Amino acid sequence: MEQYNGSQIVILEGLEAVRKRPGMYIGSTGSRGLHHLIWEILDNGIDEHLAGFCSEIQIILQKDGGITIQDNGRGVPVDIHPAKKIPTARVVYTILHAGGKFGNTAYKVSGGLHGVGASVVNALSSKLTVEIKRNGEVYRDSYENGGHPATALVDGFLPVVGKCKKSDTGTKVTFYPDASIFETVEFKSEVIQKKLKEIAFLNKNLKINFTDEFTGTTTTYLEEYGIKSFVRYLNRDAEVLNEEVVYVEGASGDIEVEAAFQYTRNFNEQIYSYCNRINVVDGGTLVTGFKTALTRVMNQYARELGILKDKDDNFDGRDIRNGLVAIISIKHPDPQFEGQTKTKLGNTDAKTAVDDVFSTQVQRYFDKNVDELKKILDNSMRSYNARKAGDKARTAALKQLNDVDTKSKLAACSSKKAEECEVYIVEGDSAGGTVKTARNRKTQAVLPLRGKILNVEKATLDKILVNNEIKSMIASFGCGIGDDFDINKLRYGKIIILTDADVDGAHISTLLLTFFYRFMPELIHEGKVYRGLPPLYKVEYETAEAGKRGKKKKSEYIYNDFELEKFKRIPGNRILHVQRYKGLGEMDAEQLWETTLNPESRILAQVTISDPADADEITKKLMSSEVPPRRAFIMEEAKYANIDT
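Everything numeric in this text was worked out from a predicted model, so none of it was measured.

Calculation criteria
- Residues numbered from 1 in each chain as written.
- Predicted model: local features only at pLDDT ≥ 70, side-chain atom pairs only at ≥ 80, totals over all residues.
- Heavy atoms only, no water.
- Helix = DSSP H or I, 4+ residues; strand = E, 2+ residues; numbered from the N terminus.
- Buried < 20%, exposed > 50% of the residue type's maximum accessible area, 1.4 Å probe, protein only.
- Areas by Shrake-Rupley, 256 points an atom, 1.4 Å probe, with all protein chains shown as cover.
- Salt bridge = Lys/Arg side-chain N within 4 Å of Asp/Glu carboxyl O.
- Pairing = 2+ DSSP bridges.
- Right-handed = clockwise from strand over helix to strand, strands pointing away.
- Core = buried A, V, L, I, M, F, W, Y, C linked by side-chain atoms within 4.5 Å.
- Contact = heavy atoms within 4.5 Å.
- Axes fitted to C-alpha atoms, helices over the stretch in contact; angles between N-to-C directions.
- Left-handed = near helix turned anticlockwise from the far one by under 90°.
- Nonpolar A, V, L, I, M, F, W, Y, C, P; charged D, E, K, R; others polar.
- Phe/Tyr/Trp six-rings, centres within 6.5 Å; stacked < 30°, edge-to-face > 60°.
- Lys NZ or Arg CZ within 6 Å of the ring centre and 35° of its normal.
- Polar contact = N/O pair within 3.5 Å; in protein donor to acceptor, adjacent residues only side chain to side chain.
- Expected span 1.5 Å × (residues − 1).
- Bend = angle between axes of the 7 residues up to and from the residue.
- Parallel < 35°, antiparallel > 145°, perpendicular 65-115°, else oblique.

**Describing the overall build of the chain**
Then, number 1: Helices and strands together make up the secondary structure of the chain, namely 20 helices and 24 strands.
Then, number 2: Expressed as a percentage of its 645 residues, the buried residues of the chain come to 51%.
Then, number 3: When the accessible surface of the chain is summed, it comes to about 30500 Å², and 48% of that surface belongs to carbon and sulfur atoms.

**Considerations on the pattern of salt bridges**
Then, number 1: The tally for this structure, following the rule as stated, stands at 20 salt bridges.
Then, number 2: We note a salt bridge from glutamate 48 to arginine 74, for which the minimum N-O separation is 2.9 Å. Residue glutamate 48 is located in helix α3 (residues 31-50), and its partner arginine 74 is located in the loop between β3 (67-71) and α4 (88-94); the two are separated by 26 residues in the primary sequence.
Then, number 3: Judged by relative accessible area, arginine 74 falls into the buried class, the value being 1%.
Then, number 4: One salt bridge connects aspartate 355 with arginine 296, and the closest N-O pair in it is separated by 2.6 Å. Of the two residues, aspartate 355 sits in helix α10 (residues 348-368) while arginine 296 sits in helix α8 (residues 285-304), which places them 59 residues apart along the sequence.

**Things to note about the pairing of strand β17 (residues 422-427)**
Then, number 1: Within β17, six of the six residues are buried, which leaves the element mostly enclosed by the surrounding structure.
Then, number 2: With six bridges connecting them, β17 and strand β18 (residues 444-449) associate as parallel partners. Bridge pairing in β18 links valine 426 to proline 448.
Then, number 3: Regarding the hand of the β-α-β motif, the stretch spanning β17, helix α12 (residues 428-438) and β18 is right-handed.
Then, number 4: Bridge count for β17 against strand β19 (residues 494-498) is five bridges, and the pairing is parallel. For glutamate 422, the partnering residue across the bridge sits in β19 and is lysine 494.

**Things to note about the sheet that holds strand β16 (residues 324-331)**
Then, number 1: The sheet built from five strands is open, its strands ordered β12-β13-β16-β14-β15 with mixed pairing. Because the sheet does not close on itself, it has two edges, and the strands there are β12 (246-252) and β15 (278-279).
Then, number 2: Taken together, the eight bridges between strand β13 (residues 255-263) and β16 define a ladder with antiparallel strand orientation. Bridge pairing in β16 places tyrosine 263 opposite leucine 324.

**Description of the nonpolar core**
Then, number 1: Within the largest apolar cluster, 47 residues are counted, with the highest numbers of intra-cluster contacts made by Leu42, Ile69, Tyr93, Phe175 and Leu196.
Then, number 2: Here this core gets eight residues from one element, more than from any other, and that element is α3.
Then, number 3: When residues no more than four places from it in sequence are discounted, the contact partners of phenylalanine 175 are Leu37, Ile38, Ile41, Gly66, Ile67, Ile69, Val121, Ser125, Lys127, Leu128 and Phe187.
Then, number 4: If you look at the next biggest cluster of nonpolar residues, it comprises 44 residues, including Val257, Val287, Ala293 and Leu308.

**Digging into the packing of α8 against α10**
When two helices pack together, you describe them by how their axes are tilted relative to each other and by the distance separating the axes.
Then, number 1: At their nearest, the axes of α8 and α10 sit 7 Å apart, and the two run at 35° to each other. Once α8 is placed against α10, the crossing between them reads as right-handed.
Then, number 2: Residues of the contact of α8 with α10, tallied by class, amount to 12 nonpolar, eight polar and four charged.

**So, the packing of aromatic side chains**
Think of a pair of aromatic rings as described by two things: how far the centres are apart, and how the planes are tilted against each other in angle.
Then, number 1: Per the stated rule, a full pass over the model turns up 15 aromatic pairs.
Then, number 2: Residues tyrosine 365 and phenylalanine 366 carry aromatic rings whose centres are separated by 5.5 Å and whose planes lie at 75° to one another, so their mutual orientation is edge-to-face. With respect to burial, tyrosine 365 and phenylalanine 366 carry one shared label: buried.
Then, number 3: Among the aromatic side chains, those forming a connected cluster through ring pairs are Phe261, Tyr263, Phe290, Tyr301, Phe358, Tyr365 and Phe366.
Then, number 4: The cationic tip of arginine 236 hangs over the ring face of tyrosine 233; the distance from NZ or CZ to the ring centre is 4.0 Å.
Then, number 5: Over the face of the ring belonging to tyrosine 537 we find arginine 580, whose NZ or CZ atom lies 5.8 Å from the ring centre.

**Description of the sheet that holds strand β24 (residues 604-606)**
Hydrogen bonding along the main chain pairs the strands of a sheet, whether they run parallel or antiparallel.
Then, number 1: Taken together, five strands build an open sheet; the order of strands is β18-β17-β19-β20-β24 and the sheet is mixed. Edge strands, defined here as strands with exactly one partner in the open sheet, are β18 and β24. Direction aside, neighbouring strands of the sheet carry axes that sit 30° apart on average.

**Looking at the side chain of asparagine 203**
Then, number 1: When you line up the elements, asparagine 203 lands in the loop between α6 (189-202) and β10 (207-212).
Then, number 2: A distance of 2.8 Å separates the side chain of asparagine 203 from the backbone oxygen of isoleucine 199, its partner in a polar contact.
Then, number 3: Among the polar contacts made by the side chain of asparagine 203, one reaches the side chain of arginine 277 at a distance of 3.4 Å.
Then, number 4: Every residue in contact with asparagine 203, bar those within four places of it in the chain, is listed here: Ile46, His49, Leu50 and Arg277.

**Overview of helix α7 (residues 227-234)**
Then, number 1: Within α7, six of the eight residues are buried, which leaves it mostly tucked inside the rest of the structure.
Then, number 2: If you check which residues of α7 are buried, you get Ile227, Lys228, Ser229, Phe230, Val231 and Leu234.

**Some details on the environment of alanine 438**
Then, number 1: As for its placement among the helices and strands, alanine 438 is situated in helix α12.
Then, number 2: A residue is classified by how much of its surface remains accessible, and alanine 438, at 9% relative accessible area, is buried.
Then, number 3: Along the primary structure alanine 438 and glutamate 594 are separated by 156 residues, whereas in three dimensions their C-alpha atoms are 9.0 Å apart.
Then, number 4: Setting aside residues up to four positions removed in sequence, alanine 438 forms contacts with Ala589, Leu592, Trp593 and Leu597.

**Considering α3**
Then, number 1: Here α3 is 20 residues long and its end C-alpha atoms lie 28 Å apart, about the 28 Å a rise of 1.5 Å per residue gives.
Then, number 2: Of all bends in α3, the biggest is about 25°, found at aspartate 43.
Then, number 3: A large share of α3 lies buried, amounting to 15 of its 20 residues.
Then, number 4: Glycine 52 sits one or two residues past α3 and shows a positive phi near 90°.

**Some remarks on the packing of α6 against α7**
Then, number 1: Contact geometry of α6 with α7 gives a least axis separation of 7 Å together with a crossing angle of 135°. Regarding the angle of α6 to α7, the classification is oblique. Taking contact as the criterion, the partners of Lys197, Glu198, Phe201 and Leu202 in α6 are, on α7, Ile227, Ser229, Phe230 and Tyr233.
Then, number 2: Among the residues making up the contact of α6 with α7, the classes are represented as five nonpolar, one polar and two charged.

Written out as structure tokens, the structure is:
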């Protein structure tokens, strides 16, 4: 067995900070952040699989609210750490930025790179227990109330609680999320199973067993064909052009590359990219390499087969990717991601590697499957002809944007510095008037919408460009749309959707997000889109002042139901009145500024995409013309809804 001990655990620097600002580490304290705890522990077992030491992972959703995750990897080291002089396992679970993933000795390829996963989960748990099998012995350590050790060491070492075969190794972690931190501590079996299915697709031949103690069922995930099966799964309800999913794999230097793709009769393209099994939402160099190679190879074939004549221009990349569903997955020994969120890969050698491997291997495939190739090229030609025919109409529609009168709608801000400016998109002139009065005129613009915008999921770009509300947004943003989109021309650093907290407001937000997602996705990928979160409640209460007689009346704004329930439980407070805000118009300008517009005190929710495949599927279900999938989705999710009574 390759050496793996305490000397390989490198400490970069305390857990109270995690409890104070959990969102910095797991994104949110809602359901998404709760489930992120599972993924952090799961990543450790997956990294062992990538290193060639783990073949099976067990996940148990316990009736008592806990989660158990067990792998048969090497087991976290239990020797004394050379720097901290305590068991290495305790270093891993109590110190941020401590792990075996910072050097190249324990893991040559790793998904979790920051070394914060295990310690963050511990910090946000009311109880965590870890059992480690190594060297024929079973060691145990436990923690309570956010990572405080609850197990006494024996002569400085973790206590041995049992024996096992020397070949029987691995790590078992059981944790209980802290109810004082999370809005909910109820794990959803459906969320876990969906994630496990994706993990199985991306980790060929890794066996994952999920047991749900609530239902008494165990589900096994094991994918022999990996991402090839993933593409087939994504297209399970689509009409496909090429029956067989094209799969290629190979290596270029130290970089391993695999790609799988299939064409459907849908108009949009879907490219999902992964580096070391991390979902690289914004793509980056590996996607650039794939697109470059695909465009070059398909144009070459189109010329050789006579589909493109000498007088014809080459196919545009958009023509070739029309209807494409693809997954690119690479293993890189030293991935460089842009930003802490790991949403974009920056390694230039990844582009070269993907280009080299894909170009070589896909040509070998198509040389043997010419009929499949012709179907794809015919699809590209249809897209090419449609694009040529529609260019004139589209150009004319885009030119009309220059003549859109936004002055009567847009209340512009005086500053011309995009990085300090923001635009609020609000519903109706009434709310728009209040926001205009309350805003900072130097940096805050306001664009009222008159009615609901078009559902773009059911419309072509030509029809979209004649919708007045959409034209107003495009003209106001200044960055164009579609092929003419240029985020460098965006006039605002933040685009903030501000709607009422009712059904209509939620619908308008959904329509706007669908528009941005389908036709201006860069706005979301670059972190420009936000939702303004006005308070849901104003609470009037009285409380006793320390050292003083009598009660003092106060008021406070509360932004969600979870915070309201916490507020009601504060000792010494007596609730006098709770006002529920349903519309922005219920607040005056001063209240709106204080709660919603003031950068010093407001709350904004940045719109991000954590799972592109999931986002695309949900958008189709909710916004397309197909009623049965939408009805099924709503019925399934209705049990998680908060009903306002």
